[in-house]
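Secondary and tertiary structure notes
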Amino acid sequence: MDRPNVGRKLPRRIGGEEPRIRTSVVKYAFVGLSARAGATTLAFAFADRLARMGARGEGGPEPFTTKKDKNVGSVTVVEINDDALRLCGSDYDRIGIDMRFAGREYLSPYALIARGGSVRGISNIDGGVNWLLRAPGEFCTELEISDYIRLSSSAVGDTVVIDIGGSFGHERRISVLPKLLSDCDRVFAVIDPLPSALMADTGKLELFKSLESVGTDILYVINKMNPGVDVREMRSFIRVRSVVEVPFLEPEHIYAAEYNCCTVYAMPKLAVALDTSFARMTL
C-alpha cells in the first residue's frame, strides 16, 4: 500500500558521524571449587588487568562515551558472599578499601540492601575499577537469594566481574548457584590441584558439569600449578575438557600485594605470569 508523502527535507551535517552505541555488558563469574582455591585473588587481578587494558586502549572494554557512564567505571567487581564469620578474611581488607577511600565515602552495597535501598549506580571507583564489596562488621544472615541476584544484576559497567565465595549457598547450592550464574557470559570454576582440595567438595564439581551440559560457558581454571602436581592424576580426577592453567604465584609477591593494598596483578612479576592465562580467559 502506497502512503501519501509530504514533501520534507532531512538536513544532515556533512561528514557527521553517528555516536556509537555501547555494546552489552560482559559478565564473568569466579567460583572456587574449594576453600582457598584462589578465586578471589584471580577475580580481583582479572578485573585490574581489564581496567588497565581499557585505560591503555589495548583490546580492553570499549571506553565510556557519556558523563553518566564515566561515573560508574568500565569494570565493576561484585562480591557475593554469605559467610558471616569470614574465617578466610574480608575481600574489603584484601585490597585495603579503607586505605583506598581514605577521605572519601565508600558506599557498601550490602548496607544499602539491608536498608531496602537501591544498589544500581553505586560508584566506588578506584584504580579504574568500581568495587562493590561487603564492608567489615556487616552481616548477611537476613539476605535472601533474591538480594544477591539483585546485587549481581544491578552492577553496571562495560565488564562485570562477580566473585562468588567458595562456601556461598552451601546448604542450598543446587537452587542458588544456577540462578546467580544464569546471565553470566562465562563462569570460571577455580580449582586448587592439591588432592585434599580436589576431594573436599566433589558435589560442586558435578554441579558445574551439569550446568556445562545445558549450555553454560564454564572454563575450569587450574590455579596454583607447580611441578609437584601429578597432572595425569589430576586430569583423570576432574574429567573436564575446557581447562586453563595458572601458575603458582610466589607467596612473597602475594603478601606484598596485600601490604600495598593492591591486587596481585599490580605486582609486575605476577602480571607477567598471569597475562598468558588471562588472555585465554577473556572473551
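Here the structure is a predicted model, which is why all the values come from computation and not from measurement.

What follows concerns the overall build of the protein chain. When helices and strands are counted, the protein chain shows 12 helices and eight strands. At a minimum sequence separation of 6, the contacts of the protein chain that also span at least 24 residues come to 76%. Counting every atom, the protein chain has about 15500 Å² of accessible surface; 53% of that belongs to carbon and sulfur.

Moving on: the side chain of Asp126. The topology assignment puts Asp126 in strand β3 (residues 125-126). Excluding anything up to four places from it in sequence, Asp126 contacts Arg100, Phe101, Arg104 and Trp131.

Time to look at the sheet that holds strand β7 (residues 218-225). Reading across the sheet, the eight strands line up as β3-β4-β2-β5-β1-β6-β7-β8 and stay open at both edges, with mixed pairing between neighbours. What marks the edges here is a single partner per strand, and that holds for β3 and β8 (243-247). Bridging between strand β2 (residues 75-80) and strand β4 (residues 129-132) involves four bridges; their strand directions are parallel. Along β4, the bridge assignment pairs Val78 with Leu132. Along the sheet, helix α12 (residues 268-281) contacts β1 (26-32), β6 (186-191), β7 and β8; its crossing angle with β8, the most-contacted strand, is approximately 165 degrees.

Glancing now at the nonpolar core. By size, the foremost hydrophobic cluster in this structure holds 43 residues, and its most contacted members are Ile80, Tyr148, Ile164, Phe168, Leu181, Phe208 and Tyr220. Leave out the neighbours within four places in its chain, and Tyr148 touches Ile80, Asn81, Asp82, Tyr110, Cys140, Leu143, Phe168 and Leu180.

A word on the pattern of salt bridges. In total, this model carries 12 salt bridges according to the counting rule given. Between Arg94 and Asp91 there is a salt bridge, with the nearest N and O atoms lying 4.0 Å from each other. Taken together, the positions of Arg94 and Asp91, both in helix α3 (residues 91-94) and three residues apart, correspond to about one turn of that helix. Among the residues examined, Asp91 registers a relative accessible area of 5% and is labelled buried. A salt bridge links Arg186 to Asp217, with the nearest nitrogen and oxygen atoms 3.1 Å apart. Of this pair, Arg186 sits in strand β6 while Asp217 is found in the loop between α9 (202-213) and β7, placing the two residues 31 residues apart along the sequence. In this structure Asp217 comes out as partly exposed when scored by relative accessible area, which is 28%.

Time to look at the pairing of β1. For β1, the tally of buried residues reaches six of seven residues, placing the bulk of the element in the interior. Bridge analysis of β1 against β6 gives five bridges, and the strand direction is parallel. Directly across from Val31, in β6, lies its bridge partner Ala189.

Let us look at unusual backbone geometry. The phi angle of most residues is negative, glycine excepted, and most peptide bonds adopt the trans form. Phi is positive for Arg36, close to 60 degrees, though the residue is something other than glycine. Checked against the element boundaries, Arg36 lands in the loop between β1 and α1 (39-56). Notably, Cys261 is not glycine yet its phi reads approximately 55 degrees, a positive angle.

Bringing the pairing of β4 into the picture now. With burial as the criterion, each face of β4 is covered, one bearing Val129 and Trp131 and the other bearing Asn130 and Leu132. In terms of strand pairing, β3 meets β4 through two bridges, oriented antiparallel. For Ile125, the partnering residue across the bridge sits in β4 and is Asn130. Taking the residues between adjacent antiparallel strands as the criterion, β3 and β4 are bridged by two residues, where Gly127 takes a positive phi near 65 degrees.

A separate point is the packing of aromatic side chains. In total, this model carries 11 aromatic pairs according to the counting rule given. With centroids separated by 5.3 Å and ring planes inclined at 85 degrees, the aromatic side chains of Phe46 and Phe278 adopt a geometry described as edge-to-face. One end of the pair, Phe46, is in helix α1; the other, Phe278, is in helix α12, and 232 residues separate them in sequence. Here Phe46 and Phe278 have matching classes, each one buried. Measuring from ring centre to ring centre gives 5.5 Å for Tyr92 and Tyr106, while their planes differ by 80 degrees; the resulting arrangement is edge-to-face. Placement of the pair is Tyr92 in helix α3 and Tyr106 in the loop between α4 (97-100) and α5 (109-114), with a sequence separation of 14 residues. The class of Tyr92 is buried, set by a relative accessible area of 11%. We classify Tyr106 as buried; its relative accessible area is 15%. Through a chain of ring-to-ring contacts, three or more aromatic side chains come together here, namely Tyr28, Phe30, Phe46, Phe188, Tyr265 and Phe278.

What counts as what
Residues numbered from 1 in each chain as written. Predicted model: local features only at pLDDT ≥ 70, side-chain atom pairs only at ≥ 80, totals over all residues. Heavy atoms only, no water. Helix = DSSP H or I, 4+ residues; strand = E, 2+ residues; numbered from the N terminus. Contact = heavy atoms within 4.5 Å. Areas by Shrake-Rupley, 256 points an atom, 1.4 Å probe, with all protein chains shown as cover. Pairing = 2+ DSSP bridges. Axes fitted to C-alpha atoms, helices over the stretch in contact; angles between N-to-C directions. Core = buried A, V, L, I, M, F, W, Y, C linked by side-chain atoms within 4.5 Å. Buried < 20%, exposed > 50% of the residue type's maximum accessible area, 1.4 Å probe, protein only. Salt bridge = Lys/Arg side-chain N within 4 Å of Asp/Glu carboxyl O. Phe/Tyr/Trp six-rings, centres within 6.5 Å; stacked < 30°, edge-to-face > 60°.

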